[in-house]
Amino acid sequence: MTILLYRIDPYMKSFNAKVMKIENNIITLDKTCFFPQGGGQVGDTGEISGNKVINTLSSDEVIQHILENAPNFSIKEEILGQIDWERRYRIMKLHSAAHLVYYTMQEVFGENCKPASSGLLDDKKDRTDYIFNEPLDKQKLLLVEEKVNNLILDGLPISHLKNNEGRFIWKIQNFEAMECGGTHVKNTKEIGKVNIKRGSKPGKGRERIEITLSQQKNQS
Ligand SMILES: [Zn+2]
């Protein structure tokens, strides 16, 4: 098992660790703050002692760092890990925004309006998508956007704690708690401002909504 430093502090940008295993370009460490791909969230990128990490995966609670090339370090060596923080922070904001949209959609469209997909985060497009099984009214969607941006302005604390069964629970004031293993910002105000719009239709009467951040640069 890898010690998951992003669980202790999702704002950790760099760390020292020991190399446990090297399999071609796949590196296992004793601990890491690299978040692995899963639950709609993309894996972290960054560097391990100057070696470029192009993705992070998880297999049986062991975190696998995928390097671009074979590493220049050996097993048992101490390394310095650094995540691409600008990218990760943007992902944390987008992911936290997707939670707010999820709840606000039910508030505006009715409690049965739940997305058919989990939040699909597309890092290259800087966007999280939800697919819904029914058509969504454009005016109501504008109201969702307004309400979400008000929640952001309210500066509400977001907690992410382990429950009795050891599962991680995302919680924000007045909203039902939700199980989620992702990385979140500590306060809604960090998200900045979001845009919500209908995207290309996925077919069969379904609707896609696209969530993007209005300010994506110069925030860290
Ligand atoms: Zn989450």
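Anything mentioned here points back to the structure above.
As the structure is a computational prediction, the values presented were derived from the model and not from experiment.

1. Here we look at the packing of helix H2 (residues 85-109) against helix H3 (residues 138-153)
Here comes step 1: Packing of H2 against H3 leaves a shortest axis separation of 9 Å and a crossing angle of 130°. One way to sum up the angle between H2 and H3 is to call them oblique. Note on packing geometry: the crossing formed by H2 with H3 is right-handed. Of the residues in H3, those in contact with Leu100, Val101, Thr104, Met105, Glu107, Val108 and Phe109 of H2 are Lys140, Leu141, Leu143, Val144, Lys147, Val148, Leu151 and Ile152.
Here comes step 2: Taken together, the residues that form the contact of H2 with H3 break down as 11 nonpolar, one polar and three charged.

2. Here's the deal with the coordination of the zinc ion
Here comes step 1: The protein atoms that coordinate the zinc ion are His95 (NE2), His99 (NE2), Cys180 (SG) and His184 (NE2), at distances of 2.0 to 2.2 Å.
Here comes step 2: Relative to the metal, the four donor atoms surrounding the zinc ion lie at angles of 103 to 119°, and the coordination shape comes out tetrahedral.
Here comes step 3: In the primary sequence, the donor residues of the zinc ion line up as H-x3-H-x80-C-x3-H. Taken together, the residues His95 in helix H2 and Cys180 in the loop between strand E13 (178-179) and strand E14 (194-198) connect sequence positions 85 residues apart.

3. What about the nonpolar core?
Here comes step 1: Among the nonpolar cores identified, the biggest contains 54 residues, and Met105, Val194 and Ile209 are the most heavily contacted of them.
Here comes step 2: Looking at which element gives the most residues to this core, the answer is H2, with 14 residues.
Here comes step 3: Counting residues domain by domain, this core receives three or more from each of domain 1 (3-83) and domain 2 (87-213).
Here comes step 4: Setting aside anything within four residues of it in sequence, one finds Met105 in contact with Gly110, Cys113, Phe132, Leu136, Leu141, Val144 and Ile209.

4. Let's talk about the pairing of strand E7 (residues 62-67)
Side-chain positions along a regular strand alternate between the two faces of the sheet.
Here comes step 1: Strand direction decides the pairing type here: strand E3 (residues 26-29) and E7, joined by two bridges, are antiparallel. Bridge pairing links Ile26 to Ile66 in E7.
Here comes step 2: Bridging between strand E6 (residues 51-59) and E7 involves six bridges; their strand directions are antiparallel. Bridging across to E7, Ser59 finds its partner in Val62.
Here comes step 3: Between E6 and E7, which pair antiparallel in sequence order, lie two residues; one of them, Asp60, sits at a positive phi of approximately 50°.

Procedures and definitions
- Residues numbered from 1 in each chain as written.
- Predicted model: local features only at pLDDT ≥ 70, side-chain atom pairs only at ≥ 80, totals over all residues.
- Heavy atoms only, no water.
- Axes fitted to C-alpha atoms, helices over the stretch in contact; angles between N-to-C directions.
- Helix = DSSP H or I, 4+ residues; strand = E, 2+ residues; numbered from the N terminus.
- Parallel < 35°, antiparallel > 145°, perpendicular 65-115°, else oblique.
- Left-handed = near helix turned anticlockwise from the far one by under 90°.
- Contact = heavy atoms within 4.5 Å.
- Nonpolar A, V, L, I, M, F, W, Y, C, P; charged D, E, K, R; others polar.
- Donors = N, O, S within 2.8 Å, 3.2 Å for Na, K, Ca; no water.
- Tetrahedral: all angles 85-135°; square planar, octahedral: opposite > 155°, others 65-115°.
- Core = buried A, V, L, I, M, F, W, Y, C linked by side-chain atoms within 4.5 Å.
- Buried < 20%, exposed > 50% of the residue type's maximum accessible area, 1.4 Å probe, protein only.
- Domains from an automatic or database assignment.
- Pairing = 2+ DSSP bridges.

So yeah, pure geometry; function would need other evidence.
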